[in-house]
Amino acid sequence: MAKSQRQVRSDRPWYAVAAVVFAVGMAGTTLPTPLYGLYREEIGFSQFMVTVIFAVYAVGVIAALLVAGNFSDVVGRRPVIFVALVLSVFSAVCFLFEDGLPLLFLGRLLSGFAAGLLSGAATAAVTELAKTGQRRRAAFAATAANMGGLGCGPLLSGVLAEYAPYPLRLPYLVHLGLLAVAMVLLAALPETVERPVPRPPLRPQGMVVPAEARSVFAPAALASFAGFSVLGLFTAVAPAFAAQYLGVDNLAVEGAIVLLVFLASTAGQLFMERVGPVRALPLGCAILVVGLVLIGSSLLVESLGVLVAGAVVAGMGQGLSFRASVAEVSRAAPDRQRGATISALFVTAYVGISLPVVGIGALTVAVGLRGAGLIFVGCVIAVSTAVALHLARRPELRGL
């Protein structure tokens, strides 16, 4: 079970240190986002292949969550986070020596494994390292580190690729340096899991949702699926649309557009403090719908300003519902199964971030990027609206 608070209690904000490690690890997963255009020029592949490469990453995330989502509950948070950082190092090395699609696929797969391990273990570590009075701040720190790391990756690579030499190498060298710092910080962190003696065998548990957490998990999973599908749109497709239809050829600007949706997500998480988790889930889905309408409008009128507005509004809706989801699932899950339950929540989220994006890629072949984007927006609007109505009309869900 998790260690008592007296064992991690000190004047040092350990949960904030863990959040920094979390953010550095997640930043590597989105580093290639503004670079796909350069890879297409260098190697020669279609927009559909970009979504396939992105899907390989999502497959890695889901596989890691399903196979090892409960491992940190057994061996501890720190060992699992360390393995995730090592996988991030190997992923960066693949991109450094990339000479074609095989290493791109391998690098993204390893990156997915790293993100899958980090999602459950690091989220649990951040929340458990907080003192009693810091739990709400720690819940925000965990989700903000996730979203902030994902958002900073495209900005870092976009700025370096646009204004520094070696655009397809330098971003990964810089990230390797950040990973080295993260490993030093990880070594200083207290462990929050008391390893059982004898240690049970490490066995994949798949989707673990304890009975006492199911009433919370179901609406949280629905909201996470809808919100993460929009994040997938921005991390896989938005830079290509901006370049093709909006005349944006600056990689730093493309990275900044992706960053905006994640910063807005963080702002939405902050807003959850005022709204409360009960209302945050349906309200977040409703705001997401408004953002999707703006995104769809930007595809029609070819307006960068409307696309940016859509990114901000959709990001706020996603963040509002996502923080409520993580906080409540973490609270409802028993200590021994907290990491596994959080991992199960991320499985649903990453199914949302991957399947719709692959659908966009397939549709692009038939109807073009704009048409595929409009179909995507329409489908997610329908899903998000249904989720919001479902959450608002179920009185038993008000006990969240």
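Each value, and the rule that gives it
Residues numbered from 1 in each chain as written. Predicted model: local features only at pLDDT ≥ 70, side-chain atom pairs only at ≥ 80, totals over all residues. Heavy atoms only, no water. Axes fitted to C-alpha atoms, helices over the stretch in contact; angles between N-to-C directions. Helix = DSSP H or I, 4+ residues; strand = E, 2+ residues; numbered from the N terminus. Parallel < 35°, antiparallel > 145°, perpendicular 65-115°, else oblique. Left-handed = near helix turned anticlockwise from the far one by under 90°. Contact = heavy atoms within 4.5 Å. Nonpolar A, V, L, I, M, F, W, Y, C, P; charged D, E, K, R; others polar. Phe/Tyr/Trp six-rings, centres within 6.5 Å; stacked < 30°, edge-to-face > 60°. Buried < 20%, exposed > 50% of the residue type's maximum accessible area, 1.4 Å probe, protein only. Lys NZ or Arg CZ within 6 Å of the ring centre and 35° of its normal. pLDDT = per-residue confidence, 0-100. Expected span 1.5 Å × (residues − 1). Polar contact = N/O pair within 3.5 Å; in protein donor to acceptor, adjacent residues only side chain to side chain.

Time to look at the packing of helix 9 (residues 214–236) against helix 12 (residues 277–301). In contact at an axis separation of 10 Å, helix 9 and helix 12 are set at 25 degrees when each is read in the N-to-C sense. Comparing their axes, helix 12 and helix 9 come out roughly parallel. In this structure, helix 9 meets helix 12 at a crossing whose hand is left-handed. Where helix 9 abuts helix 12, its residues Pro219, Ala223, Ala226, Gly227, Val230, Leu233 and Phe234 lie against Leu281, Cys285, Leu288, Leu292 and Ile295. Its residues placed into classes, the contact of helix 9 with helix 12 shows 11 nonpolar, 1 polar and no charged.

What follows is about the side chain of threonine 29. Along the chain, threonine 29 turns up in helix 1 (residues 14–30). For threonine 29, the residues in contact, after removing those within four places along its chain, are Tyr57, Arg108, Ser111, Ala115 and Leu150.

Glancing now at the packing of aromatic side chains. This model, assessed by the stated rule, comprises 8 aromatic pairs. On the basis of an interplanar angle of 45 degrees and a centroid distance of 6.3 Å, the ring pair of tyrosine 39 and phenylalanine 95 is categorised as tilted. Of this pair, tyrosine 39 sits in helix 2 (residues 36–43) while phenylalanine 95 sits in helix 5 (residues 77–96), placing them 56 residues apart in sequence. Per residue, the accessibility class of tyrosine 39 equals that of phenylalanine 95, and both read buried. Judged by centre distance (4.8 Å) and plane angle (5 degrees), the ring pair of phenylalanine 95 and tyrosine 172 falls under stacked. Taken together, the residues span a long stretch of sequence, with phenylalanine 95 in helix 5 and tyrosine 172 in helix 8 (residues 170–188) at a distance of 77 residues. By the burial criterion, phenylalanine 95 is buried, and tyrosine 172 matches it. Members of the aromatic cluster, connected to one another through ring pairs, are Phe54, Tyr57, Phe228, Phe322, Phe346 and Tyr350. Positioned over the ring face of tyrosine 57 is arginine 108, at 4.4 Å from the centre of the ring.

What follows is about the confidence of the model for the protein. The pLDDT averaged across the protein works out to 87; a share of 95% of its residues lies at or above 70. Low pLDDT (under 50) marks residues 1–6, which in the prediction has 18 contacts with non-local residues, meaning those over four places away or in another chain. Low confidence marks residues 395–400, where pLDDT is under 50. Its contacts with residues over four positions away, or in another chain, come to 14 contacts.

Moving on, we get to helix 13 (residues 304–332). For helix 13, which comprises 29 residues, the first-to-last C-alpha distance of 42 Å matches the rise-based estimate of 42 Å (1.5 Å per residue) to within 8%. A distance of 3.4 Å separates the backbone nitrogen of glycine 305 from a side-chain oxygen at the start of helix 13, and that oxygen is part of serine 303.

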